[in-house]
Amino acid sequence: MKRLLLFGGTTEGRELALAAAARGWDVTVSVATDYGAACVPEAPGVTRHTGRLDEAAMEALMAGFPLVVDATHPYAVAVSANVRAAAEAAGIPCLRLLRPESDHPGCRYAASVAEACALVPPGNVLATTGSKEIGCYRAIPDYQSRVYARVLPLETSVADCRAAGLPEDHILAAKGPFSLEDNLAAIDRYHIRSLITKDGGAAGGFPEKLEAARLRDVAVILVRRPREDGLSMGEILERLEDGPWNG
């Protein structure tokens, strides 16, 4: 049986795992956390590997696989770099699955979370950029009373917000993606006037955030995606069928 190692924990990673397994591939999906593991489908031909891996551990895991696919989050730059480096060291081809970008008219762009924080207008801010860079929001005047952070319901995420000085009632720990109604409710409840977000695409509920902001006249500051080369879902599946690993 053809073997594929997929680094995922994303919606598109789940879809690719199912599609590859349906085409006769034995797919191992590597995810860092139990939260990511929930995205791995329970299906014939799909196996889950859970745990954070550095570059050396990734290279060790790749032994015996003819092909690696990086289907991690579009903003997980460090993880993708480790996957590429490990595959190169192991001498294994690595394909990058890109999440389609959404249309985002009316947004103001920023190159980083820190730059986005410098662009916020007066009023309360809904931060939906994750917990790792939550410390950047301390640059916003009166951030402890103005910033509401919506983060994953993980101990590490909540701890990051607490370490940044956010009050408990400003830490909105919940699992997405969020519906239009969810976003409208958050905007109304916390009197949000600006939203700082990343383009997570349709899979990440990005269109619903934009529409809620439009309906409530909330300013949207969008942190640009890192520039990278990669393939669509269809192109990856074509490579699986036509590549040398099929010979």
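Shown above is the structure to which this text applies.
Bear in mind that the values here come from a model prediction, so they are computed numbers and not experimental data. Along every chain, residues carry numbers that run from 1 in the direction the sequence is written. The model is predicted, so local features are restricted to residues of pLDDT at least 70 and side-chain atom pairs to those at 80 or more, both for listing and for counting; the totals for chains, interfaces and linings are taken over all residues. Values reported for side chains reflect all heavy atoms of the structure, with hydrogen atoms and water molecules removed beforehand.

## Details of the overall build of the chain
- A helix here means a DSSP run of H or I that spans at least four residues, while a strand means a run of E at least two residues long, and both kinds are numbered starting from the N terminus. Each helix and strand counted, the chain has ten helices and eleven strands in total.
- Structurally, the chain occupies a C-alpha span of about 60 × 35 × 30 Å along its principal axes.
- We call a residue buried when its accessible area falls under 20% of the maximum for its residue type, exposed when it is over 50%, and partly exposed in between, using a 1.4 Å probe and counting protein chains only. Looking at the 247 residues of the chain, the share that counts as buried comes to 45%.
- Taking the contacts inside the chain whose residues are at least 6 apart along the sequence as the reference set, 64% of them involve residues at least 24 apart.
- Looking at charge distribution, the chain has the averaged site of its 26 positive side-chain charges lying 3 Å from that of its 32 negative ones. In what follows, residue pairs with any heavy atoms lying within 4.5 Å of each other are defined as contacts. Positive residues here are Lys and Arg, negative ones are Asp and Glu, while His and the chain termini are left out of the count. Here the site of a charge means NZ on Lys, CZ on Arg, CG on Asp, or CD on Glu.

## Let's talk about the packing of helix 1 (residues 11-22) against helix 10 (residues 233-242)
- Put simply, helix 1 and helix 10 touch, their axes get as near as 11 Å, and they point 30 degrees apart. The orientation of helix 1 with respect to helix 10, classified from their angle, is roughly parallel. As helix 1 packs across helix 10, the resulting crossing turns out to be right-handed. Packed against helix 1, whose contacting residues are Glu 12, Glu 15, Leu 16, Ala 19 and Ala 20, the element helix 10 presents Met 233, Ile 236, Leu 237 and Leu 240 at the interface.
- Side-chain classes are defined by residue name, with Ala, Val, Leu, Ile, Met, Phe, Trp, Tyr, Cys and Pro counting as nonpolar, Asp, Glu, Lys and Arg as charged, and the others, Gly among them, as polar. Within the contact of helix 1 with helix 10, the residues separate by chemical class into seven nonpolar, no polar and two charged. Helix axes are fitted to C-alpha atoms over the stretch in contact, other axes to C-alpha atoms as well, and angles between N-to-C directions run from 0 to 180 degrees. Throughout this description, any angle smaller than 35 degrees is read as roughly parallel, any larger than 145 degrees as roughly antiparallel, any in the 65 to 115 degree range as roughly perpendicular, and the remainder as oblique. Left-handed describes a crossing in which the near helix is turned anticlockwise from the far one by less than a right angle; the clockwise case is right-handed.

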